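# Architecture and fold: a report
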Protein chains: 2
Amino acid sequence: MERNAKLAGETVGPVETDAETPRRRSAGGRVKSGQIREMLEQEIVTGERLAGERLDEQAVALRFGVSRTPVREAINQLASAGLVELIPNRGAFVRETGLAELVEMFEVMAEMEGMAGRLAARRIAAPARARLQAAHLACENAAAREAPDDYYYENERFHQAIYDACGNGFLAAEARRLHQRLKAFRRLQLRVPHRMHQSLVEHRRIVAAIEVGDGATAEAELKSHIMVQGERFADLVASLTPKVS
Amino acid sequence: MERNAKLAGETVGPVETDAETPRRRSAGGRVKSGQIREMLEQEIVTGERLAGERLDEQAVALRFGVSRTPVREAINQLASAGLVELIPNRGAFVRETGLAELVEMFEVMAEMEGMAGRLAARRIAAPARARLQAAHLACENAAAREAPDDYYYENERFHQAIYDACGNGFLAAEARRLHQRLKAFRRLQLRVPHRMHQSLVEHRRIVAAIEVGDGATAEAELKSHIMVQGERFADLVASLTPKVS
DNA sequence: GTCAAGGAAATTGTATACGAAGTTGTGTCG
DNA sequence: CGACACAACTTCGTATACAATTTCCTTGAC
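Report on the accompanying structure. (Residues numbered from 1 in each chain as written. Chains lettered and ligands numbered in written order. Predicted model: local features only at pLDDT ≥ 70, side-chain atom pairs only at ≥ 80, totals over all residues. Heavy atoms only, no water.)

### Looking at the overall build of chain A
When you go through chain A residue by residue, the secondary structure sums to nine helices and three strands. Element order for chain A, N to C, with α for helix and β for strand: α-β-α-α-β-β-α-α-α-α-α-α. When each of the 245 residues of chain A is scored for burial, the buried share is 44%. Pairs at least 24 apart in sequence give 70% of the contacts found in chain A among residues at least 6 apart. Entry remark: accessible area of chain A is about 13,000 Å², with carbon and sulfur atoms responsible for 54%. (Helix = DSSP H or I, 4+ residues; strand = E, 2+ residues; numbered from the N terminus. Buried < 20%, exposed > 50% of the residue type's maximum accessible area, 1.4 Å probe, protein only. Contact = heavy atoms within 4.5 Å. Areas by Shrake-Rupley, 256 points an atom, 1.4 Å probe, with all protein chains shown as cover.)

The structure is reproduced here in structure tokens:
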């Protein structure tokens, strides 16, 4: 675990610890509220918790071996993230993130990524450009090694680099938020065949457009890049769950 | 709970929090956590709470006559809304929404509104079209009456109508979130002269573009409409606060 | 037999208490 | 005189207890 986050510097963005948590509940260390949130989030997005199900606070608290207080905090965070609906004096109910809403979220994500790319093409500075090139090179290497897991990780860094390069800290933060929320769903997408190489081709076009300062092309390429992901994911979900509400 | 319309009459300044009589549990209504969040939010955006100031939980709890628990919930919500920064085992510090960040937020807002307009021009259905026309007519009437307060309120409804018409519920929710966050700042803008009539002219162009299904024009007009607001606001703030951090 | 009213059970929301982690001040040693 | 260490205070994070509100079941009346 991270010893401390010394918050060096004035970067205002929340430091998201997106560690792939090995789920160790009641194994020595005490679970923290963040871990509870993450586990509940996983259970919801994987469909382990059915839509409309009520999240009983003390039941969850009992399961994790903690009191109701951290469970409440975790549920509140899930509510503000939009994964559960909070009805006063009634309880927390898991919201079904149906296929339609997922497509909507990808549509918005595409717009924001496109905006970030457009701005980055105009505003990118030398350090950010170096980071973007480095991240892209890492993607190339991962693809050459036929390592989808590595590519997944480096792809994250690639998009983060674009967010950083756009020169709009608020946009970068919002894009990270949405990215984080879609991440759980996108994880299912790893198994789509040939997606990695196709993604890499799109990355090359994006980098090229940013390099020459062509904002319009960067925007269009990034929009398409994200929307394709959304469509692929929609196909995957539709094939997995034949019954759709 | 959104019933109370506190947006109409008041100017920005007076938020009677320090003069708040400590109405303890015997007198009238108990303050709820949502109210605490709202009051703290007001204090922060009005600048009553200086940037970097620490929000002491038990001090706030004492002021509102409640315990630390609802205060914690309120602060957590503010943190997820981005108004305060939460440092583990250190406390909650109010984040300064400096002029630069406000411009960034308006830039994102413009993009989202433009997207909503573009989608609305293609997807708008009859009921939403009727609501949009009604909201626009109300704006026209308010402007004809030279009633800026009424125009402010009807303008809210106008933009809400566009969000509703875009056919993307997630985008509508996100746009509302941003709109809500910028609302407090936008209120300062009422006193800018001639802004109301200029805004109305832009509204007419937006409605016309949506009516004929011209998504590109609707997007461009809405982007410009919001960015102008952001620039006007930046001018206003810059003129009010000559010293910039 | 059905509907309504009232009470009991359950659950959320809030209050208070306690442990943990951090910061600061002071004392001592180099 | 300066630096390091220890202790005490402060404050967050969590646990437990209580109050308020809702829901469901039972009972009584029509």
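### Observations regarding the sheet that holds strand 1 (residues 54-55) of chain B
Backbone hydrogen bonds hold the strands of a sheet together, and the pairing may be parallel or antiparallel. Residues and elements named next belong to chain B. Taken together, the three strands give an open sheet; going across it, the order is 1-3-2, and neighbouring strands pair in antiparallel fashion. Looking at which strands have only one partner, the edges of the open sheet turn out to be strand 1 and strand 2 (84-87). By the bridge criterion, four bridges tie strand 2 to strand 3 (residues 91-94) in an arrangement that is antiparallel. Within the sheet, the bridge partner assigned to V84 lies in strand 3 and is V94. (Pairing = 2+ DSSP bridges.)

### A word on the sheet that holds strand 3 (residues 91-94) of chain A
Taken in spatial order, the three strands of this open sheet run 1-3-2 (chain A), and their pairing is antiparallel. The sheet terminates laterally at strand 1 (54-55) and strand 2 (84-87) of chain A, the two strands that pair on one side only.

### Quick notes on the interface of chain B and chain A
Listed as interface residues are 28 residues of chain B and, on the opposing side, 27 residues of chain A. Buried surface at the junction of chain B and chain A, both sides included, amounts to about 2,300 Å², of which 49% is carbon and sulfur. Together, E107(B), E111(B) and F170(B) form the three largest contributors to the area buried by chain B at its contact with chain A, with a combined 26%. If you look at where chain B meets chain A, you find eight salt bridges. For E107(B), the salt bridge identified is with R123(A), shortest N-O distance 2.7 Å. Across the chain B-chain A interface, the total number found is 18 residue pairs in polar contact (both at pLDDT 80 or more). Those elements giving two or more residues to the side of chain B that touches chain A turn out to be helix 3 (68-81), strand 2, helix 4 (99-123), helix 7 (169-186) and helix 9 (215-240) of chain B. When residues in the side of chain B that touches chain A are grouped by element, the largest group, ten residues, is from helix 4 of chain B. (Buried area = accessible area lost by both parts, 1.4 Å probe. Salt bridge = Lys/Arg side-chain N within 4 Å of Asp/Glu carboxyl O. Polar contact = N/O pair within 3.5 Å; in protein donor to acceptor, adjacent residues only side chain to side chain.)

### Some words on the pattern of salt bridges
Following the criterion strictly, the structure yields 44 salt bridges over all chains and no others. Of the charged contacts in the structure, one is a salt bridge between E57(A) and R68(A), with a shortest N-O distance of 3.0 Å. In this pair, E57(A) is assigned in helix 2 (residues 57-64) and R68(A) in helix 3 (residues 68-81), connecting sequence segments eleven residues apart. Judged by its relative accessible area of 44%, R68(A) is partly exposed. E111(B) is the partner of K223(B) in a salt bridge, and the nearest nitrogen-oxygen pair spans 3.4 Å. Highlighted residues: K223(B) in helix 9 and E111(B) in helix 4, separated in sequence by 112 residues. For K223(B), a relative accessible area of 22% corresponds to the partly exposed category. Assessed through its relative accessible area of 4%, E111(B) is described here as buried. Connected through salt bridges with shared partners, the residues E43(A), R49(A), E53(A) and R63(A) form a single ionic network.

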